Amino acid sequence: MAASSCRGVRSILRKYGSCGKSLCVSRSKTAPQLPVRQICLSSSLWKKNLAAAGPQKFTQEFINKQVEEFEVGKRHLANMMGEDPETFTQEDIDRSIAYLFPSGLFDKRARPIMKHPEQIFPKQTAVQWDAEGRPFHFLFYTGKQSYYSLLHDLYEKILAIERHQDKMRSKGLFTSDTKQIMLTGSRWLLKEEMEEHLVENVSDQDYTRLIQLMEKLLSMPYCSLEEEFVLKFRRQLEVQSSKQEIPVIQYDPQGVAFSVSDGRRKSAKASITLRDSGSGNVTINGKNYLRHFPILQDREQLLFPLHFVGMLGRFDIEGSVEGSGHSAQAGALRLAISRALLSFVSEGQVEKMRQAGLLTADPRIKERKKPGQEGARRKFTWKKR
Amino acid sequence: MAAGVLTRVTQVLRRPRLVTAVFSCHGQTFSSAAAAVKSTRDTAATEKIQNFPLTQPDYFRLSELFSIKDLFEARVHLGHKKGCRHRLMEPYVFGSRLDVDIIDLEQTVEHLQRALNFTAHVAYRGGIILFVSRRRQFGHLVESTARECGEYAHTRYWKGGLLTNAPIQYSPGVRLPDLIVFFSTLNNVFQQHVGIRDAAKMNIPTVGIVDSNCNPSLITYPVPGNDDTPVAMEMYCRLFKMTVNRAKDKRRQMELLKGISASG
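Criteria and thresholds
- Residues numbered from 1 in each chain as written.
- Chains lettered and ligands numbered in written order.
- Predicted model: local features only at pLDDT ≥ 70, side-chain atom pairs only at ≥ 80, totals over all residues.
- Heavy atoms only, no water.
- Helix = DSSP H or I, 4+ residues; strand = E, 2+ residues; numbered from the N terminus.
- Buried < 20%, exposed > 50% of the residue type's maximum accessible area, 1.4 Å probe, protein only.
- Contact = heavy atoms within 4.5 Å.
- Areas by Shrake-Rupley, 256 points an atom, 1.4 Å probe, with all protein chains shown as cover.
- Salt bridge = Lys/Arg side-chain N within 4 Å of Asp/Glu carboxyl O.
- Pairing = 2+ DSSP bridges.
- Axes fitted to C-alpha atoms, helices over the stretch in contact; angles between N-to-C directions.
- Polar contact = N/O pair within 3.5 Å; in protein donor to acceptor, adjacent residues only side chain to side chain.
- Core = buried A, V, L, I, M, F, W, Y, C linked by side-chain atoms within 4.5 Å.
- Phe/Tyr/Trp six-rings, centres within 6.5 Å; stacked < 30°, edge-to-face > 60°.
- Lys NZ or Arg CZ within 6 Å of the ring centre and 35° of its normal.
- Parallel < 35°, antiparallel > 145°, perpendicular 65-115°, else oblique.
- Left-handed = near helix turned anticlockwise from the far one by under 90°.
- Nonpolar A, V, L, I, M, F, W, Y, C, P; charged D, E, K, R; others polar.
- Buried area = accessible area lost by both parts, 1.4 Å probe.

**A closer look at the overall build of chain A**
A count of helical and extended segments in chain A gives 13 helices and eight strands. For chain A, with 385 residues in total, the buried portion stands at 32%. Across chain A, the fraction of contacts at a sequence separation of at least 24, relative to all contacts at a separation of at least 6, is 62%.

So, in structure tokens, the structure goes:
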């Protein structure tokens, strides 16, 4: 007992002793005479390998405590702002925090936030087994229980549909033209969304396999039986053209309709006024576009949007442009003209213009020069010797 | 042999709380001797429940579940072709008829009885049973069987360290299966399933349906029989499901009786 405690003390002293110091500990007579060696102890031995620990894990009690604190804090905030604590929504919280803690930081995610802990702390899997040690899920020992259980359920549904088909066939009521699931305008869940849904890592092959099985389910004639299940894994696609900002049509004192818009390309900024007067004149920075753009290609770029829509002689273009070179200025003006044109054109034409690339701002800029090279791509002259 | 294995398994299945010690019974310290005595009485009852089925050879009456005729009708006696025969399966095989190996059903009945009896005892003592099969044809069937009897299944790709590297693959406190039942001992490339070797490394007993092209040496309770026909697989699944359910029902009955006798 004494020897073991002595040994314990010695080990503690050794662990926390500084490098290079020899330790002389008085030993009891019962312990044998062991030679005391200098053990080199550097701080790297007891530094925690933080990278190996993985993402931080939060216990359920910690999260429950955070939820309680959030609820209490929400009521305090409501009282502070002079509003009713019972009907204090998340938008009110965001508004109040933005008012009380104004921040000039650019990134919205760096500003102070107050949200429910479920949205802040990542979803974690709780302990997977009961007091006896028996896991809850019957596929626990596969390692990927949610994914394989999803595959199992999918296969079960496929079998059920096949049985239904056989029943209909035996009754003589089998038809191929049954109600099909509406799939247009939606896409399958992405791999990241699937990982979020299953709270598990999903590899590329697993994801492909899952989509294949889903497609197999959809290929069967009576798949409408499982419509609800399938739609859980589909997301609506956003219609791109509906997000287009169309400038408002304004009216002159003379009653002529006009619209104003801007465009940018490289460092050229352009501003355009499109008038519905019916002449087809183009004025840039006060002078005729022939004087400003002597090169044919630039003038073609200017008139291309009107040519595409078929309204060449209808509009009067009045524009101002500055910065960069002639080609960039032409591109900036073209974008501005296309945007201004949106208000005079139908929905279908808007989608066509979008697909033609008239409404997309050209993102190309001058590539930076790299060290060890003459320019962005050009290397120094290679000398053999 | 069976009794020896059973005692080994009882030691494995014994939970820490069943280790008796003076006053610090089952890892808990008791304030008074009376509490310790009451707990000792509970332990004695639990021990009796645990050990009583071991007194009789076929406590769960599993021989009623099947007969040789059922096995024959389920085509369990049909093995693979003579060229695929494994050297170590020769004791279990009569010979070949029209180049197809015929498995001796009388030996199968004995082996199957022993295997089912062992499974029943493990299930009775609350052990975790893992059903393994790598045949895609029967994967869904095996998983459904496991789900219906409240046990576990693994019919997917077997990741390397599932048994041997368990604390890292799952979580530190994980409990490994107490019995692994292989419905087919080969994987999709006709090699022996990795689980057999891993279970042997981790001292987990295994029950396996060995066909005429399989290696029965590492399996604790081999059952020579057909693993390719759907009828045969359905029969095995049904038998194992009934065994496990019977054993669990029996255990619940005994617990209830113990509860009644303790309170009364």
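We are not done yet, so read on.
**Comments concerning the overall build of chain B**
Within chain B, the regular secondary structure consists of eight helices and eight strands. Residues counted as buried form 49% of the 264 residues belonging to chain B. For chain B, the share of sequence-separated contacts (at least 6 apart) that also reach a separation of at least 24 residues comes to 67%. Carbon and sulfur atoms form 55% of the exposed surface of chain B, whose accessible area is close to 13,000 Å².

**Topic: the pattern of salt bridges**
Residues and elements named next belong to chain A. Summed over the entire model, instances satisfying the criterion amount to 36 salt bridges over all chains. Residue E367 pairs with R377 through a salt bridge whose shortest N-O separation is 3.1 Å. Of this pair, E367 sits in the segment after helix 13 (347-356) while R377 sits in the segment after helix 13; the two residues are 10 residues apart in sequence, bridging distant segments of the chain. The class of E367 is partly exposed, set by a relative accessible area of 38%. By relative accessible area, R377 is classed as exposed at 61%.

**Here we look at unusual backbone geometry**
The residue A:N285 is not glycine, and still its phi comes out positive at about 55 degrees. Position of A:N285 among the secondary structure elements: in the loop between strand 6 (282-284) and strand 7 (287-288). For A:N285, a relative accessible area of 38% gives the class partly exposed. Residue B:N203 is not a glycine yet carries a positive backbone phi of 60 degrees. Within the secondary structure, B:N203 is located in the loop between helix 7 (194-201) and strand 7 (206-210). Residue B:N203 is classed as exposed on the basis of its relative accessible area of 65%.

**Brief notes about the pairing of strand 3 (residues 100-103) of chain B**
Residue and element names in this part refer to chain B. Residues D101 and I103 point to one face of strand 3 and are all buried, whereas V100 and I102, pointing to the other face, are not buried. Bridge count for strand 1 (residues 78-81) against strand 3 is two bridges, and the pairing is antiparallel. Across the sheet, L78 pairs through a bridge with I102, a residue of strand 3. Pairing analysis gives four bridges linking strand 2 (residues 93-97) to strand 3, with the strands arranged antiparallel. When the bridges of strand 3 are listed, V93 appears paired with I103. As consecutive antiparallel partners, strand 2 and strand 3 are separated by two residues, and within that stretch L98 has a phi angle of approximately 55 degrees, a positive value.

**Remarks on the sheet that holds strand 6 (residues 179-182) of chain B**
Residues and elements named next belong to chain B. What the five strands build is an open sheet, ordered 5-4-6-7-8; its pairing is parallel. In this open sheet, the two strands that pair with only one neighbour each are strand 5 (152-154) and strand 8 (221-224). Within the sheet, the average angular offset between the axes of one strand and its neighbour, ignoring direction, is 20 degrees. Where helix 4 (residues 105-124) meets the sheet, its contacts fall on strand 4 (129-132), strand 6, strand 7 and strand 8, and the angle it forms with strand 8 comes to roughly 140 degrees.

**Examining the sheet that holds strand 7 of chain A**
Residues and elements named next belong to chain A. The strand order across the open sheet built from six strands is 3-4-5-8-6-7, with neighbouring strands paired in mixed fashion. Single-partner strands in this sheet number two, and they are strand 3 (250-251) and strand 7. Sitting on the sheet, helix 12 (residues 326-341) touches strand 4 (257-265), strand 5 (268-275), strand 6 and strand 8 (316-322), and the angle it makes with strand 4 is about 140 degrees.

**Regarding the side chain of B:E143**
By secondary structure assignment, the location of B:E143 is in helix 5 (residues 139-148). Polar side-chain contacts of B:E143 include one of 2.5 Å to the side chain of A:H152. At 3.3 Å, the side chain of B:E143 and the side chain of B:R156 are in polar contact. If we ignore the near neighbours within four places in the chain, the residues touching B:E143 are A:F138, A:L139, A:H152, B:A153, B:T155 and B:R156.

**Observations regarding the nonpolar core**
Nonpolar side chains tend to gather and get buried jointly when the protein is soluble and globular. Counting 72 residues, the largest nonpolar core has B:F131 and B:F183 as the members making the most contacts within it. Once residues within four sequence positions are removed from consideration, B:F131 is found in contact with B:V142, B:A146, B:C149, B:E151, B:Y152, B:A153, B:H154, B:V181, B:F183 and B:F240. With 31 residues, the next largest nonpolar core counts A:V282, A:I317, A:A328 and A:A340 among its residues.

**Points about helix 5 of chain B**
Most of helix 5 of chain B is tucked away: seven of the 10 residues are buried. Residues of helix 5 of chain B that are buried in the fold lie against helix 6 (145-171) of chain A together with strand 4, strand 5 and helix 8 (230-263) of chain B. B:G150 lies just past helix 5 of chain B and shows a positive phi near 75 degrees.

**Concerning the packing of aromatic side chains**
Under the definition given, this model contains 18 aromatic pairs over all chains. Aromatic pair A:F304 and A:F308: ring centres 6.0 Å apart, planes at 65 degrees, arrangement edge-to-face. Of the two residues, A:F304 and A:F308 are both situated in helix 11 (residues 296-309); the distance of four residues between them amounts to about one turn of the helix. For A:F304, a relative accessible area of 28% puts it in the partly exposed group. Taking NZ or CZ as reference, A:R275 lies 5.3 Å from the ring centre of A:F258, over its face. One Lys or Arg, B:R251, reaches over the ring of B:Y124 and ends 5.3 Å from the middle of that ring.

**What about the packing of helix 11 of chain A against helix 12 of chain A?**
All names here are of chain A. Put simply, helix 11 and helix 12 touch, their axes get as near as 8 Å, and they point 20 degrees apart. When the axes of helix 11 and helix 12 are compared, the pair comes out roughly parallel. Crossing angle aside, the handedness with which helix 11 passes helix 12 is right-handed. Residue-level contacts link D298, Q301, L302, F304, P305, L306 and V309 of helix 11 to H326, S327, A330, L333, R334, I337, S338 and L341 of helix 12. Residues of the contact of helix 11 with helix 12, tallied by class, amount to nine nonpolar, four polar and two charged.

**Side note on the environment of A:K379**
Residue and element names in this part refer to chain A. Summarising the element assignment, K379 is placed in the segment after helix 13. Filtering out sequence-adjacent residues up to four positions away, K379 remains in contact with Q373 and E374. There is a polar contact of 2.8 Å between the side chain of K379 and the backbone oxygen of R377.

**Some details on the packing of helix 6 of chain A against helix 5 of chain B**
Close contact between helix 6 of chain A and helix 5 of chain B brings their axes to 11 Å; oriented N to C, the two are set at 110 degrees. The pairing of helix 6 of chain A with helix 5 of chain B is recorded here as roughly perpendicular in orientation. Mapping the contact onto sequence places A:H152, A:Y155, A:E156 and A:L159 in helix 6 of chain A and B:H140, B:E143, B:S144 and B:R147 in helix 5 of chain B. Grouping the amino acids of the contact of helix 6 of chain A with helix 5 of chain B by side-chain chemistry returns two nonpolar, three polar and three charged.

**Notes on the interface of chain B and chain A**
Tallying the contact residues gives 26 residues for chain B and 19 residues for chain A. For the pair chain B and chain A, the summed buried surface comes to about 2,100 Å²; carbon and sulfur atoms form 56% of the total. The largest contributions to the chain B side of the interface with chain A come from B:H140, B:Y152 and B:R156, which together make up 31% of the buried area. Viewed at the interface, chain A and chain B are joined by two salt bridges. Close ionic contact of A:R134 with B:E151 constitutes a salt bridge, the shortest N to O distance being 3.0 Å. Our count for the chain B to chain A interface comes out at 11 residue pairs in polar contact (both at pLDDT 80 or more). For the side of chain B that touches chain A, the elements supplying multiple residues, two or more each, are helix 5 and strand 5 of chain B. For the side of chain B that touches chain A, the per-class residue count stands at 10 nonpolar, eight polar and eight charged.

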